Amino acid sequence: MSLQDYAKLLRARWLTVLVTTIIGVLAAVSITLFTTPLYKASTGLFVSTTSSGSVAEIYQGNLFSQQRVLSYTQLIMGENLAQRTIDKLNLDMTPDSLQARVKASARSDTVLIDVDVVDESPVRARDIANALSDEFVVMIHDLETPTGGGLPDSRVVVEQRASVPDEPVTPRTALNIVLGLTVGLILGIGLAILRGLLDNTVKSRETIEEITGASLVGSIPYDKERRKEAAITFDSDNSPIAEEFRKLRTNLQFLAVDNPPRVIVVTSSMPAEGKTTTAINIALALAESEHDVVLVGGDMRRPKLEDYLGLIEEVGFSTVLAGRASLDDTLQQTRFPRLTVLASGAIPPNPSELLGSLAAKKVLNDLRAKFDYVVIDSSPLLAVTDGAILAACADGVLVVARFGATKREHLAQAVGSLDDVGARLLGAVFTMTPVRGGGSYSYYGTYGEKQAPRPVPPVDSTAATPSLHRSVIIPEPAANGCERVEPSSP
Ligand SMILES: Nc1ncnc2c1ncn2[C@@H]1O[C@H](COP(=O)(O)OP(=O)(O)O)[C@@H](O)[C@H]1O
Ligand SMILES: [Mg+2]
């Protein structure tokens, strides 16, 4: 992957990066809030020898003090001095816990010792630091005084006393937040790249065209309005999604100029990829350009078409196939001009059998004769064979893939099952593409501008045009024996 690919990947997953960074900052803030503030009070001790006299003696004495200093730091942090300080201040703590709060360090090549005491209370930190230093002075006096009496060999002076600290030393709010931000950002970028590398969904024109072997003929943007109302009101709607359906309509009409496909199945690999919504709006877009269109509910297992359009579900395709009603009686007029619907009908126990029957072919032929276009909604191809059976009887199939959700292998299997029945793939359609942000890299800006969909020869063409694209190879009699009906121009 090139650097540019990583940049695209990050742009597509900016939300992951943002959320992880926010979590990092929130974690830092909560750690900061839950950390008990500690205050540090410090004193400075000066160690000297009592020797005086010649320069050499002073020099010797100084060296002696420097060596002493190292032992003194250990004594300051020792148990003995801790106990003496506790006794003096009447503290309610063990020597161990006091020792843990004291740190003494010698400044190199000097006779100075820094004593730091940390405590939850700033006043107590100061008191302990001062009392401990005072006790140390006394302790050293006792220790360094020769047994026989006389002047001690070394003495310690509190050169700087502790004062009450204003600011706590921990937590370090700014540092914690910067750390939280950095760690969150790094984790977010890592997570985004990992998710991107593991992502096997279809997200680009190249991928969808490579897998299907057909051109991308439409890219339908995500439009939250469609969740409430599947049908677009084309005569008053110039929204991006309406424009995309118009482009898709034009592409369909250009696919085979001499003999455009008129019976079109809309299918996909899995449920909820936008088949029904897309079928409805392709039909409406065709109706908008003055064509009589019938929309057929070919999904007899989970019919949604009627629900989306507010029509009667119980009487339709399955009812006609079962011989319980005539086609004319079951066709429903819609509130949209030039759009008629043949609902899926009552859910039958054997949809595949019904759809593969001669009666089904006859119904489709009758519809072809009555209407300019027959748009068929269908079941997902990986779940049941219904979609493939319908596809074999149609002039062509539009295979739908939901952007960033349809898995590559599922799409490949779906196309394979269409191949198996000799269905004619007209093109691929992306649904629910991101409107802005990450997804835009894959498709927008190329579709319809630089690249027109590859033309598909008319259905009755027998010449096998050599091409990489499957869509140009016209299937001979379909594998399931579906009798192909030669389409006539609308
Ligand atoms: N372009 C779109 N923008 C937003 N939501 C959509 C779009 N197309 C479909 N949906 C929604 O996605 C869900 C599945 O769509 P549907 O057409 O029923 O898919 P399928 O027929 O493949 O099961 C529905 O809730 C539908 O409203
Ligand atoms: Mg559906």
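Our subject is the structure that appears above.
Keep in mind the model is a prediction, meaning the values are calculated, not measured. Along each chain, residues carry numbers from 1 onward, in the same order as the chain's sequence is written. The naming scheme follows written order: chains are lettered A onward, ligands numbered 1 onward. In keeping with the predicted nature of the model, local features appear solely for residues at pLDDT of at least 70, side-chain atom pairs appear and are counted solely at 80 or more, and the whole-chain, interface and lining totals rest on all residues. Where side-chain values are given, they derive from all heavy atoms of the structure, hydrogens and water being excluded.

Draft legend 1. The overall build of the protein chain, seen in detail. By definition, any uninterrupted DSSP run of H or I lasting at least four residues is a helix, any uninterrupted run of E lasting at least two residues is a strand, and each is numbered from the N terminus. Across its full length, the protein chain holds 18 helices and 12 strands. Across the 490 residues that make up the protein chain, the buried fraction comes to 49%. Relative accessible area decides the class of each residue, using a 1.4 Å probe on protein chains only: under 20% of the type maximum gives buried, over 50% gives exposed, and in between gives partly exposed.

Draft legend 2. Looking closely at the packing of aromatic side chains. Between the rings of Phe, Tyr and Trp (Trp by its six-membered ring), a pair exists once the centres lie within 6.5 Å; its type follows the angle of the planes, with under 30 degrees stacked, over 60 edge-to-face, and the other angles tilted. Tallied over the full model, the rule gives 2 aromatic pairs. Here Tyr72 and Phe136 contribute two aromatic rings whose centre-to-centre distance is 5.6 Å and whose plane-to-plane angle is 80°, an arrangement assigned as edge-to-face. In this pair, Tyr72 sits in helix H3 (residues 55–76) while Phe136 sits in helix H6 (residues 122–144), placing the two residues 64 residues apart along the sequence. Accessibility classification places Tyr72 together with Phe136 in one group, the buried group.

Draft legend 3. Here's a closer look at unusual backbone geometry. The omega torsion across Thr170 and Pro171 is -5°, close enough to zero to call that bond cis. Along the chain, Pro171 falls in the loop between strand E4 (154–160) and helix H7 (173–198). Of note, the phi angle at Ala272 is positive, near 60°, even though the residue is not glycine. Within the secondary structure, Ala272 sits in the loop between strand E6 (263–268) and helix H11 (275–288). With a relative accessible area of 58%, Ala272 lands in the exposed category.

Draft legend 4. Region of interest: the site of ligand 1. It suffices for a single heavy atom of a residue to lie within 4 Å of a molecule or strand for the residue to be listed as near it. Around ligand 1, the structure places 16 residues, and the nearest of them are Ala272, Lys275, Thr276, Thr277 and Tyr308. Polar contact is defined as a pair of N or O atoms within 3.5 Å, subject to the rule that within protein one atom must be able to donate a hydrogen and the other to accept it, and that residues adjacent in sequence are counted only when both atoms are side-chain atoms. In this structure, Asp223 approaches ligand 1 through a main-chain N or O atom, which is 2.8 Å from a nitrogen atom. Thr277 is positioned with one of its side-chain polar atoms (N or O) 2.6 Å from an oxygen atom of ligand 1. Each accessible area value is a Shrake-Rupley result obtained with a 1.4 Å probe; residue values ignore everything except the protein chains displayed when judging cover. The fraction of the free accessible surface of ligand 1 (560 Å²) that becomes covered by protein chains is 88%. Mapped by element, the contributors of at least two residues to the shell around ligand 1 are strand E5 (216–221), helix H9 (225–228) and H11. When residues in the shell around ligand 1 are grouped by element, the largest group, 3 residues, is from H11. Ten residues, namely Ala, Val, Leu, Ile, Met, Phe, Trp, Tyr, Cys and Pro, are considered nonpolar, four, namely Asp, Glu, Lys and Arg, are considered charged, and the remaining ones, Gly among them, are considered polar. Considered class by class, the residues forming the shell around ligand 1 number 8 nonpolar, 3 polar and 5 charged.

Draft legend 5. Structural detail: the packing of helix H1 (residues 3–12) against H7. Close contact between H1 and H7 brings their axes to 9 Å; oriented N to C, the two are set at 105°. With respect to H7, the element H1 is oriented roughly perpendicular. Residue-level contacts link Tyr6, Leu9 and Leu10 of H1 to Ile189, Ala192, Ile193 and Gly196 of H7. Its residues assigned to classes, the contact of H1 with H7 shows 6 nonpolar, 1 polar and no charged. A fitted line through C-alpha atoms represents every axis, and for helices the fit uses only the stretch in contact; the resulting angles, taken between N-to-C directions, go from 0 to 180 degrees. Any angle that falls under 35 degrees is termed roughly parallel, while one over 145 is termed roughly antiparallel, one within 65 to 115 roughly perpendicular, and all others oblique. Note on contacts: a residue pair qualifies if any of its non-hydrogen atoms lie within 4.5 Å across the two residues.

Draft legend 6. Structural detail: the pattern of salt bridges. Salt bridges, as used here, are contacts in which a Lys or Arg side-chain nitrogen is within 4 Å of a carboxyl oxygen on Asp or Glu. Tallying each qualifying case throughout the model produces 26 salt bridges. Among the ionic pairs, Glu135 bridges to Lys88, the shortest N-O distance being 4.0 Å. Of this pair, Glu135 sits in helix H6 while Lys88 sits in helix H4 (residues 79–89), and the two are 47 residues apart along the sequence. With relative accessibility at 45%, the residue Lys88 sits in the partly exposed group. Of the charged contacts, one joins Arg246 and Glu288 as a salt bridge, the two residues approaching to 3.0 Å between their closest N and O atoms. Here Arg246, found in helix H10 (residues 240–255), pairs with Glu288, found in helix H11; they are 42 residues apart in sequence, far enough to count as distant.

Draft legend 7. Quick peek at H6. Its 23 residues place the ends of H6 33 Å apart at the C-alpha level, agreeing with the 33 Å of an ideal helix rising 1.5 Å per residue. Among all positions of H6, only Ala125, Ile128, Ala129, Asn130, Ala131, Leu132, Ser133, Glu135, Phe136, Met139, Ile140 and Glu144 are buried. Of the residues flanking the start of H6, the one acting as N-cap is Ser121, its side-chain oxygen 3.3 Å from the backbone nitrogen of Val123. Multiplying 1.5 Å by the residue count of a helix minus one yields the expected span of that helix.

Draft legend 8. Looking closely at the pairing of strand E9 (residues 339–342). Of the two faces of E9, the one lined by Leu339 and Val341 and the one lined by Thr340 and Leu342 are each fully buried. Here, strands pair whenever DSSP counts at least two bridges between them. Strand direction decides the pairing type here: strand E7 (residues 293–297) and E9, joined by 4 bridges, are parallel. Looking across to E9, one finds that Val296 is bridged to Leu342. As defined by bridge partners, strand E8 (residues 332–333) adjoins E9 across 2 bridges and the pair is classed as antiparallel. What sits directly across from Gln332, in E9, is Val341. If you look at the hairpin formed by E8 and E9, you'll find 5 residues sitting between the two strands, and Arg338 has a positive phi there, around 70°.

Draft legend 9. Representation of the sheet that holds strand E12 (residues 425–433). Read from one edge of the open sheet, 8 strands run E5-E12-E11-E6-E10-E7-E9-E8, paired in mixed fashion. A strand with exactly one partner marks an edge of an open sheet, and here the two such strands are E5 and E8. Here helix H17 (residues 386–393) sits on the sheet in contact with E6, strand E10 (373–377) and strand E11 (396–402), set at roughly 155° to E6.

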